[in-house]
Amino acid sequence: MVNIGLTKVDDALAAKHPGLGNYAACQSHAFMKGTGTFILGAGALFAIQTALQRKLPYPLQWNLLIATVGSSVGSYAVTRWETQKCSDLWMLLETGQVPDRSPPQVSQPEEPKGTGKTKYGDVMD
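Let me begin by describing the structure that accompanies this report. The structure displayed is predicted, hence computed values, not measured ones. (Residues numbered from 1 in each chain as written. Predicted model: local features only at pLDDT ≥ 70, side-chain atom pairs only at ≥ 80, totals over all residues. Heavy atoms only, no water.)

Glancing now at helix α3 (residues 60–95). Between the first and last C-alpha of α3 there are 52 Å, a value that for 36 residues agrees with the 52 Å anticipated at 1.5 Å per step. Of the positions making up α3, those classed as buried are N63, A67, S71, S75, T79, E82, C86 and D88. Summarising the contacts, the buried residues of α3 are in contact with α2 (20–52). With its phi angle positive at about 85 degrees, G96 sits one or two positions after the end of α3. (Helix = DSSP H or I, 4+ residues; strand = E, 2+ residues; numbered from the N terminus. Expected span 1.5 Å × (residues − 1). Buried < 20%, exposed > 50% of the residue type's maximum accessible area, 1.4 Å probe, protein only. Contact = heavy atoms within 4.5 Å.)

With that out of the way, let us pick up a nonpolar patch on the surface. Taken together, W62, L65, I66, V69 and V73 make up a surface patch of nonpolar side chains, about 460 Å² in accessible area. Mapped onto the secondary structure, L65 falls in helix α3. (Patch = residues over 30% accessible without salt bridge, like charges linked within 9 Å, V, L, I, M, F, W, Y side chains within 5 Å. Areas by Shrake-Rupley, 256 points an atom, 1.4 Å probe, with all protein chains shown as cover. Salt bridge = Lys/Arg side-chain N within 4 Å of Asp/Glu carboxyl O.)

Attention shifts here to the packing of α2 against α3. Two numbers describe how α2 lies on α3: the axes approach to 7 Å, and their chain directions differ by 160 degrees. Overall, the two elements α2 and α3 adopt an arrangement that is roughly antiparallel. α3 is crossed by α2, and the crossing has right-handed handedness. A breakdown of the residues in the contact of α2 with α3 according to their chemical character gives 19 nonpolar, 17 polar and two charged. (Axes fitted to C-alpha atoms, helices over the stretch in contact; angles between N-to-C directions. Parallel < 35°, antiparallel > 145°, perpendicular 65-115°, else oblique. Left-handed = near helix turned anticlockwise from the far one by under 90°. Nonpolar A, V, L, I, M, F, W, Y, C, P; charged D, E, K, R; others polar.)

Considering the arrangement of structural elements, one finds Q49 in helix α2. The class for Q49 is buried, based on a relative accessible area of 6%. Setting aside residues up to four positions removed in sequence, Q49 forms contacts with Y58, W62, N63, I66 and A67.

Quick look at the structure:
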């Protein structure tokens, strides 16, 4: 049995997917980075709001709410970004190819030249 975090993985599965340990380490790093972003973001937003409290006085509960919501959004963005990189790493380790994340190219429709008919049969000038 191979340990990945707190879970034990069968040796046959670990042998079938040799990059499993690297992927698990990457995911763990991504989640810890997201947790750190939440903690540091909440502290920074709370400190900024405390400094602004002199100009815009409002209750402490709003300071806490804004700091929590703002840091949650930042933490989600960081975790999602890092998890996407881990997913790309997994695909590279399994297939040997990096997935293409670029948006598909949209072809421009050609404009008809001269007069034409619409789909309703009207003649266009």
